[in-house]
Amino acid sequence: MKRGKFISFEGGEGCGKTTQIARLKAELEARGESVVVVREPGGTRLSELIRTLLKDEEDDPPCDRAELLLFLAARAQLVRNVISPALDDGRWVLSDRFSDSTFAYQGYGRGLPLDFLREANSFACEGLSPDLTLLLEVPPGVSASRMRSREARTASSADRIERAGDGFHSRVREGFASLAKAEPGRIVRVDASGTPDEVASLIRALVFA
Ligand code: T5A
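Residues numbered from 1 in each chain as written. Predicted model: local features only at pLDDT ≥ 70, side-chain atom pairs only at ≥ 80, totals over all residues. Heavy atoms only, no water.

(A) Looking closely at the site of the ligand. Around the ligand, the structure places 26 residues, and the nearest of them are Thr18, Thr19, Lys55, Thr102 and Arg150. A distance of 2.6 Å separates an oxygen atom of the ligand from a polar side-chain atom of Thr19. Between the ligand and the protein, one listed contact pairs an oxygen atom with a side-chain N or O atom of Arg97 at 2.6 Å. In isolation the ligand has 1,000 Å² of accessible area, and contact with the protein removes 87% of it. Looking at the shell around the ligand, the elements that each hand over two or more residues are helix 1 (17-30), helix 2 (45-56), helix 3 (64-88), helix 4 (99-109) and helix 6 (140-154). Of the residues contributing to the shell around the ligand, the split by class is five nonpolar, 10 polar and 11 charged. (Near = heavy atom within 4 Å. Polar contact = N/O pair within 3.5 Å; in protein donor to acceptor, adjacent residues only side chain to side chain. Areas by Shrake-Rupley, 256 points an atom, 1.4 Å probe, with all protein chains shown as cover. Helix = DSSP H or I, 4+ residues; strand = E, 2+ residues; numbered from the N terminus. Nonpolar A, V, L, I, M, F, W, Y, C, P; charged D, E, K, R; others polar.)

Below, the structure written as structure tokens:
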């Protein structure tokens, strides 16, 4: 059986990953492919419980090191129980965030050492890396207005990481750009500031090139 393809979607808050993943999934299914969509942190019962702790724990919020280890624990469970079996079955896996978010947020954003992060992450994912990573980029103003419109529509409010401050989020943005520069063969930057249709057609051209 031919191994499936693994594509991760990355970027800052509200860059439109979820919207584009739904579109690519529909496109792939229309072409007869079998597709699994996962989100990080999350995607298994244990990983979804960890997600709640990471996003919403206010009384005893995780310190930076605990935050890192919780993200990695959620990923280890997702890789072992969902992503690797799906790839072995020849299915496509589209992941809303993966390891590059850890490097950008916990490495560049929180300042934890990148060498250690890479090693610990590789242990957590048993060496698995995406075949292709689409880095969706929007200017900070666009990201803020998309998040506001989503919050208004869903009556939700910003979580602990979204509220981390402008300095943190600009380090994350610069981190993603550095990661893309270091691995141009895997990480492709996508201008995500256009309409959903415009961004979807850029992505289609990259995936079906
Ligand atoms: N994190 C995660 C870490 O710190 N380390 C890690 O290792 C990992 C894996 C996850 C948080 O955890 C952090 C990063 C995050 O802070 P989350 O709730 O999953 O939290 O948040 P995000 O991944 O940031 O996802 P969001 O749902 O906030 O944003 P999306 O998925 O990028 O954007 P989407 O598609 O939901 O769109 C947002 C809004 O914009 C509109 C949509 O309709 C929606 O209202 N929109 C557009 N509007 C105009 N034009 C377009 N092209 C649009 N595309 C979407």
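Now that the structure is up, let's keep going.
(B) Seen up close, the nonpolar core. Counting 21 residues, the largest nonpolar core has Ala104, Tyr105, Val172, Phe176 and Leu179 as its most contacted members. Secondary structure elements with two or more residues in this core: helix 2, helix 3, helix 4, helix 5 (114-124) and helix 7 (166-182). Here the element with the most residues in this core is helix 7; it accounts for five residues. Discounting residues that sit within four places of it in the chain, Ala104 has contacts with Gly109, Val172, Phe176 and Leu179. In this structure, Phe9, Trp92, Leu94 and Val138 belong to the second largest nonpolar core, which totals 18 residues. (Core = buried A, V, L, I, M, F, W, Y, C linked by side-chain atoms within 4.5 Å. Buried < 20%, exposed > 50% of the residue type's maximum accessible area, 1.4 Å probe, protein only. Contact = heavy atoms within 4.5 Å.)

(C) Main features of the sheet that holds strand 4 (residues 132-137). With parallel pairing, the five strands of this open sheet are ordered in space as 2-3-1-4-5. Looking at the sheet topology across the chains shown, the edges are occupied by strand 2 (35-39) and strand 5 (187-191). Neighbour-to-neighbour, the strand axes of this sheet turn through a mean angle of 20 degrees, independent of strand direction. With four bridges connecting them, strand 1 (residues 6-11) and strand 3 (residues 92-96) associate as parallel partners. The partner of Phe6 across the bridge, within strand 3, is Val93. Seen against the sheet, helix 1 touches strand 1, strand 2, strand 3 and strand 4 and runs at an angle of roughly 170 degrees to strand 3. (Pairing = 2+ DSSP bridges. Axes fitted to C-alpha atoms, helices over the stretch in contact; angles between N-to-C directions.)

Treat this as a map of the structure, not an account of what it does.
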